[in-house]
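Fold and contact review
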Amino acid sequence: LVDIHPPEVMPRIMDLFEACRRGENPCAEDVPMLRADGTVFYADIVSSLLTLGKNEYIMGIFTDITKSKRASEALRRHKYMVANSGDIMALLDTEFRYLAANAAYADVFGMTPDKLVGRTVLEVFGRKDFEGIIKPRAKRCMAGEDVRYEEWFDFPVAGRKYMSIAHFQYLDVD
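Residues numbered from 1 in each chain as written. Predicted model: local features only at pLDDT ≥ 70, side-chain atom pairs only at ≥ 80, totals over all residues. Heavy atoms only, no water.

**Things to note about the sheet that holds strand β1 (residues 27-34)**
Sheets are built from strands paired through backbone hydrogen bonds, the pairs being either parallel or antiparallel. The line we're drawing: Pairing between strands is defined by DSSP: at least two bridges between the two strands are required. Helix and strand definitions follow DSSP, with helices as H or I runs of at least four residues and strands as E runs of at least two, each counted in order from the N terminus. Only the stretch in contact is used when a helix axis is fitted, and all axes are lines through C-alpha atoms; the angle between N-to-C directions ranges over 0 to 180 degrees. Two residues form a contact once any of their heavy atoms are found within 4.5 Å.
Strand order in this open sheet of three strands is β1-β2-β3, and the pairing throughout is antiparallel. On the outer flanks of this sheet lie β1 and β3 (55-64), each paired with one strand and no other. Taken pair by pair, the neighbouring strands of this sheet meet at an average axis angle of 45°, ignoring direction. Alignment of strand β2 (residues 40-52) against β3, held across 10 bridges, turns out to be antiparallel. The residue of β3 that forms the bridge with valine 46 is isoleucine 61. Together, β1, β2 and β3 form the strand contacts of helix α1 (residues 10-21), whose direction differs from that of β1 by roughly 140°.

Below you can see the structure in the form of structure tokens.
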């Protein structure tokens, strides 16, 4: 065990092995592991207590979760950047319904992001701005074109603002 785990996590590892031996916890998540070169990777471990003859063994199946862990950390950082950006950002579906919006976007309407989700751009901006300005450009974006323009908008809380707008198509890969 000492060869495959960093020293600072050994108390946790020993507790996990004892729990497995008692039949209490067959799974361990996000366990730091040591490669032969000394670098650390992370694994989820599913274990089982085996008895062969008079001897007890713990069999473990290790799944390297390093890539998944890095992707989760990158997503967390990205969410933080978007949530804390001063730029207003939103994600719409093809029915012009909000799937997500950052706090800066919601603030100009005197709302919270969760209050925007599920509403339509028509409801939030009103018919004039939606039909005359937003919808024609957003439709071009949904057809695959990156659309950029500048326009005046009257926001309920932020007041009249000259905005530089960019629409980019989002294709959900799922």
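**Describing the pairing of strand β6 (residues 147-155)**
Pairing of β6 with strand β7 (residues 159-167) involves nine bridges; the strand directions are antiparallel. In the strand pairing of β7, phenylalanine 153 is matched with lysine 161. Counting the residues in the hairpin turn of β6 and β7 gives three residues.

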